[in-house]
Amino acid sequence: MYFIQEIKRFWKEGLLKRRINRGFALILFFVIPSIILVSCNAQSNSTVPIHSEGTDEEIKQEKVKALRLGWPTDGGFPSPFAFDPTGPAGYLRMSFLYDTLTWKDEEGIIPWLAESWDISEDERSYTVQLREGIKWHDGNELTASDVQFTYEYLSQHGFLWGDTSMVNRVEIIDQTTVVFQLNEPYAPFVEEVMGMIPIIPEHIWSDVQDPKSYREEGAAVGTGPYTLQRHQQESGQYLFKANRDYFKGEPLIEEISYIKVNNRALALKNNDIDAIWTNNFNEMQELKNAGYQVMESDPHGSIVRMVFNMEDELLSQKELRHAIAYALDRATIAEKVLGGNVVVGSPGVIPPGSPWYNPATKQYDFHLEKANELLDKLGYHDRNEDGIRETPDGQDLAFTLMVSTDERDAQLVQDMLKQAGIKVNVQKVDMATFSASLDESKYDMAITSHIGVSGDPDFLRRWFTNAEYNELASHGSVLENEEFNRLAEKQLRIADFEQRKQVVDELQDVIAEEIPTLALYHRPFYWMYNEDQFNGWFNTWGGVGNGITSWENKAAFLPDEE
């Protein structure tokens, strides 16, 4: 009964999303009972929607010969050990070749290589039943031994976008059954581990000593819906071909190619590609008016934020960080940079629209007078009346604001903080210098932007304890706060959604009070496409994997299971 109530609550709150060719009535009558049958223990305390896939009699997407997608960057070689971790492109390409035990569609977590799973009462053991008859691209059969091998291999070599350290061991029960024994309960295990870690073939990787440099034919052999036909790193081009023997059915698109283009909007207009993404509101409007279909990211999993160096003598003062927050009109910054469709960031970091968002968190609405009051109390006054406050020892209250890409945010921050008497020097550096400076705490303030805030809230713990594996999100200050550490560990051990939500709410309150980073705004992404070519796109619940804002979910390219 508890899980059924949870599903109803998720639906009522708008957390379950519907795609046009999915029947909600069938989800209610067929999916919920099938979920309960998966495992009473597994679902009775679930933190996220978990369901099976339904069918309907509505119009289905016809098969497509080829689909051309435009991206501005190369994602690296698409093996689990060689893709580029600095953005989502690499993981997405890899996911076409390699499968995980669970996955996500537009409504929640769905079984994938795993047919079902059961969670022990102490939440330290996960018994996973694999689907039978799954084949690797080379014809060998997937077995429980491959799952066990994957986690043992990753414990030695690591994985670029995931963590397996909570797994003590994987036990084989039979050819299609494994048991994960965890060191401690780990609430997001089904989503963040089973749903993120690609299973690799033991018969190929067992002899590979240096997986990062491995480029032989076997490096691209997975169980996924596509096989790799070509990758040209210099040009950023990929060609994937449908795996006709895929266990979920032959993919709807025979070939998917990625083309690296600078002006993607022009390429779409010229019919050189079939779909692109952008976060440029005006560009979206232009293409929409030209007749292209537009899908907005939901949730908005991309964030633009200021990072403070907590080791700096002045910025280590919490009240100074508060003053800076009050002095910034973040809504205006977002409007001027994005051009429209503004979502101001929450100081608790988790974005509005997320089921984990705490609306009661302190917001620091623009209030220049309050900012000035705080600065006065700290003893920063403009003694020489040059418009810039001085510290008690007579030095200008001045900071360097480091950026690596777009300077517009920084320039607006510079102008706004000047109104409060704070001098800001904008410093633009290349990405390598930016990352190194953040890692070595050789900066005052910085503006960074990245994805990954729409998934499980454990990313808050990872960000501020130096445990983040998303390279673009990993840089910044470690938060030395006992209450934060206590809550971060506590939420990790709670499986029940409501109980965990209470702790995550408190965690957001601590972050908003300490403010090691300030979320300026969330960037909506737009997917623009030619619907005559393919119209099966959807927003993934919580983002692909651990919160990737993208429509290139392989589940969109597969037929509905009968």
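The paragraphs below set out a description of the structure included in this document. Please read these numbers as outputs of a predicted model, since none were measured by experiment.

1. Quick word on the sheet that holds strand β15 (residues 398–403)
Link 1 in the chain: With mixed pairing, the 6 strands of this open sheet are ordered in space as β14-β18-β13-β17-β15-β16. Two strands lie at the open edges of the sheet, namely β14 (343–344) and β16 (423–428), each paired on one side alone.
Link 2 in the chain: In the packing of helix α13 (residues 408–419) onto the sheet, the strands contacted are β13 (302–308), β15, β16, β17 (445–451) and β18 (517–522), and the crossing angle to β16 comes to about 170°.

2. Quick look at the sheet that holds strand β6 (residues 167–174)
Adjacent strands of a sheet pair through backbone hydrogen bonds, lying either parallel or antiparallel.
Link 1 in the chain: Strand order in the open sheet formed by 4 strands is β4-β5-β7-β6, with antiparallel pairing between adjacent strands. Strand pairing shows two members of the sheet lacking a second neighbour, β4 (114–119) and β6, which therefore form its edges. Neighbouring strand axes in the sheet, compared pairwise and without regard to direction, differ in orientation by 20° on average.
Link 2 in the chain: Bridge count for strand β5 (residues 125–130) against strand β7 (residues 177–182) is 5 bridges, and the pairing is antiparallel. What sits directly across from S125, in β7, is Q181.
Link 3 in the chain: Sitting on the sheet, helix α5 (residues 144–157) is in contact with β5, β6 and β7, with an inclination near 170° to β6.

3. Notes on the side chain of R93
Link 1 in the chain: Assignment of secondary structure puts R93 in helix α4 (residues 88–97).
Link 2 in the chain: In this structure, R93 is in contact with W71, P78, Y238, F240, Y258 and E552, ignoring residues within four places of it in sequence.

4. Quick look at the packing of helix α10 (residues 318–327) against helix α17 (residues 497–514)
Link 1 in the chain: For the pair α10 and α17, interaxial distance at closest approach is 8 Å and the crossing angle is 90°. As the angle between them shows, α10 and α17 are arranged roughly perpendicular. Judged by residue contacts, K318, R321 and H322 of α10 engage A512, E513 and E514 from α17.
Link 2 in the chain: Residue classes in the contact of α10 with α17 are distributed as 1 nonpolar, 1 polar and 4 charged.

5. Remarks on the pattern of salt bridges
Link 1 in the chain: Under the counting rule described, the total for this entry stands at 25 salt bridges.
Link 2 in the chain: With a closest N to O distance of 3.9 Å, K135 and E141 form a salt bridge.
Link 3 in the chain: Assessed through its relative accessible area of 41%, K135 is described here as partly exposed.
Link 4 in the chain: The exposure class assigned to E141 is partly exposed, which follows from its relative accessible area of 42%.

Reading the values: the criteria
Residues numbered from 1 in each chain as written. Predicted model: local features only at pLDDT ≥ 70, side-chain atom pairs only at ≥ 80, totals over all residues. Heavy atoms only, no water. Pairing = 2+ DSSP bridges. Helix = DSSP H or I, 4+ residues; strand = E, 2+ residues; numbered from the N terminus. Contact = heavy atoms within 4.5 Å. Axes fitted to C-alpha atoms, helices over the stretch in contact; angles between N-to-C directions. Parallel < 35°, antiparallel > 145°, perpendicular 65-115°, else oblique. Nonpolar A, V, L, I, M, F, W, Y, C, P; charged D, E, K, R; others polar. Salt bridge = Lys/Arg side-chain N within 4 Å of Asp/Glu carboxyl O. Buried < 20%, exposed > 50% of the residue type's maximum accessible area, 1.4 Å probe, protein only.

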